[in-house]
Amino acid sequence: MIELKLNGLNVKAEEGWTLLETARFYGLEIPTLCYNEGLSVFGGCRLCLVEIGEGPKARLVSSCTYPAEEGLVVRTDTKRVIEARRMMIELMVSIAPNSKKIQDLASKFNVTQVRFKVRNEECVLCGLCVRMCAEQMDGRAIGFQNRGYKKKISTPFDLRSEECRQCGGCIYICPVCQLRCQGPEADTTLCNACLTMDPTCLDHYDELQCWMYDAGRCGTCVREK
Amino acid sequence: MDAVITTVQSTLTRHQNEKRALIAILQDIQAEYNFLPREALEFVAKSLGVPLIDVIGVATFYRAFSLKPRGRHLVTVCLGTACHVRGGPKILSEFVKKLAISPGDTTKDKHFTLETVACLGCCAIGPVVVVDGNYYAHTTIRKVDSIVRKYAKKRVKK
Ligand code: SF4
Ligand code: SF4
Ligand code: FES
Ligand code: FES
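Residues numbered from 1 in each chain as written. Chains lettered and ligands numbered in written order. Predicted model: local features only at pLDDT ≥ 70, side-chain atom pairs only at ≥ 80, totals over all residues. Heavy atoms only, no water.

1. Examining the overall build of chain A
Scanning chain A from N- to C-terminus turns up 6 helices and 7 strands. Start at the N end of chain A and walk to the C end: the helices and strands fall as β-β-α-β-β-β-α-α-α-β-β-α-α. Relative to its full complement of 225 residues, chain A shows a buried share of 40%. A fraction of 53% describes how many contacts in chain A between residues 6 or more apart in sequence connect residues 24 or more apart. In the structure as shown, chain A presents an accessible area of about 13400 Å², 50% of it carried by carbon and sulfur atoms. (Helix = DSSP H or I, 4+ residues; strand = E, 2+ residues; numbered from the N terminus. Buried < 20%, exposed > 50% of the residue type's maximum accessible area, 1.4 Å probe, protein only. Contact = heavy atoms within 4.5 Å. Areas by Shrake-Rupley, 256 points an atom, 1.4 Å probe, with all protein chains shown as cover.)

2. Concerning the packing of aromatic side chains
Aromatic rings considered in pairs are described by the distance between their centres and by the relative angle of their planes. Following the criterion strictly, the structure yields 6 aromatic pairs over all chains and no others. Both rings, one in A:W17 and one in A:F25, keep their centres 5.0 Å apart while their planes meet at 50°; by these two values the pair is tilted. Residue class for A:F25 comes out exposed when judged on its relative accessible area of 55%. Measuring from ring centre to ring centre gives 5.0 Å for B:F61 and B:Y62, while their planes differ by 75°; the resulting arrangement is edge-to-face. (Phe/Tyr/Trp six-rings, centres within 6.5 Å; stacked < 30°, edge-to-face > 60°.)

3. Here's the deal with the site of ligand 2
In the region of ligand 2, the neighbouring residues are A:C123, A:V124, A:L125, A:C126, A:G127, A:L128, A:C129, A:I153, A:C174, A:P175 and A:V176. Among the residues making up the shell around ligand 2, the classes are represented as 10 nonpolar, 1 polar and no charged. (Near = heavy atom within 4 Å. Nonpolar A, V, L, I, M, F, W, Y, C, P; charged D, E, K, R; others polar.)

4. Thoughts on the nonpolar core
Core analysis: the biggest nonpolar cluster contains 23 residues, and A:L33, A:L47, A:I89, A:I102 and A:V124 have the highest contact counts within it. Only helix 2 (79-95), helix 3 (100-108) and helix 4 (128-136) of chain A provide two or more residues apiece to this core. Tallying contributions element by element places helix 2 of chain A first for this core, with 4 residues. Residues lining this core come from more than one domain, with at least three contributed by each of domain 1 (2-78) and domain 2 (128-224) of chain A. Beyond its immediate stretch of four places on either side in the chain, A:L47 contacts A:P31, A:T32, A:L33, A:R85, A:M88, A:I89, A:M92 and A:L105. Within the second largest apolar cluster, 21 residues are counted, among which are B:V4, B:L12, B:L22 and B:F65. (Core = buried A, V, L, I, M, F, W, Y, C linked by side-chain atoms within 4.5 Å. Domains from an automatic or database assignment.)

5. Structural notes on the domain arrangement of chain A
One widely used convention gives an interface's size as the accessible area the parts lose upon coming together. All names here are of chain A. According to the domain assignment, chain A consists of domain 1 (2-78) and domain 2 (128-224). With 8 residues of domain 1 in contact, the opposing surface of domain 2 contributes 8 residues. Counting each side, the surface lost to burial between domain 1 and domain 2 is near 690 Å², with a carbon and sulfur contribution of 60%. Linking domain 1 to domain 2 there are 0 salt bridges. When the residues that make up the side of domain 1 that touches domain 2 are grouped by side-chain class, the tally is 5 nonpolar, 3 polar and no charged. (Buried area = accessible area lost by both parts, 1.4 Å probe. Salt bridge = Lys/Arg side-chain N within 4 Å of Asp/Glu carboxyl O.)

6. Concerning the pairing of strand 1 (residues 73-78) of chain B
Residue and element names in this part refer to chain B. The buried fraction of strand 1 amounts to 5 of the 6 residues, a majority that puts the element mostly inside the structure. As defined by bridge partners, strand 1 adjoins strand 2 (residues 112-117) across 6 bridges and the pair is classed as parallel. Paired with L74 across the strands is T113, a residue of strand 2. Looking at chain direction, strand 1 and strand 3 (residues 129-131) are connected through 3 bridges and run antiparallel. Within the sheet, the bridge partner assigned to V75 lies in strand 3 and is V131. (Pairing = 2+ DSSP bridges.)

Spelled out as structure tokens, the structure:
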């Protein structure tokens, strides 16, 4: 057992746990995007940042890749963490504003502005599809190509790959392909409708009239502008 | 195309079909053809037992490799910070004008390929232009002309 300090509490982690696993075991919520329990860790999205160490030596690390260490001081909700996380979400919205998953993260963590040029690239390079293909589908059909701002996901020579068995696993796991954000204001960069939604039925009744609001899909009653 | 396979096969044999020699193998193929032909990459992947996508990943990661045929002479203009402030972009646009191609492209007669790079590590002598491994220091627009003329004359040196 490894003993460490998590948000001021003395906690125990098992040998080999990451900080993310430790935090989740103790019920602390840390948002993630490129992490998936069934796949190897990647550490690319930086959403799962936590602060380790104290004083001027404190630094941000990605909790999904950082192992629990004896005596480590970890804080998951410092100002620095929250600001860095918001910045990562803001950047991701600017890259792929059509992703419901990313819009939901923006709503949840109160990202209210996008100060970057919107690129509509439909891929945030989280690498989930690549790992899904290689590790779960035994495919190895897609991978990262080029680097820097030209980095992209594709098949060899951008052609249909012989290794691809069209299982759809890559699409299934992609945070951008999966679900389109269809909020009422989806033509603006930041939807935030889920955050600001006011179910119209509450104007007339004192309880919600259907399940759609809880499912995050209130149609606010077939809105007409 | 069998000629390519035979050449690649001898390269592979020289490197004892070792997976960890992948970069060295690709370098040899690049040196031979001035680019990495598709069938060569496919053959390398198959022979080494490395997924093709991983070979492509390596081949597209390094600037030294090219999947498109390159010209006989490779002109690289530095656009790193130091060369940038000393006029790198002007040098580049002069090459673009003279060779009538944009960066990353090759002239129709396959004589020149124009590329850019972000810092070669010799900022003191900027703006830097490299042609086939020869460094040209303190390049000026006027020097561009003489560089182009010098290499335009040099024909095949295979
Ligand atoms: S559909 Fe093709 S590329 Fe996607 S995970 Fe399946 S095998 Fe891989
Ligand atoms: S295509 Fe989707 S899953 Fe793959 S890297 Fe891009 S965002 Fe991630
Ligand atoms: S979840 Fe840890 S970096 Fe993406
Ligand atoms: S910026 Fe050109 S050599 Fe460094």
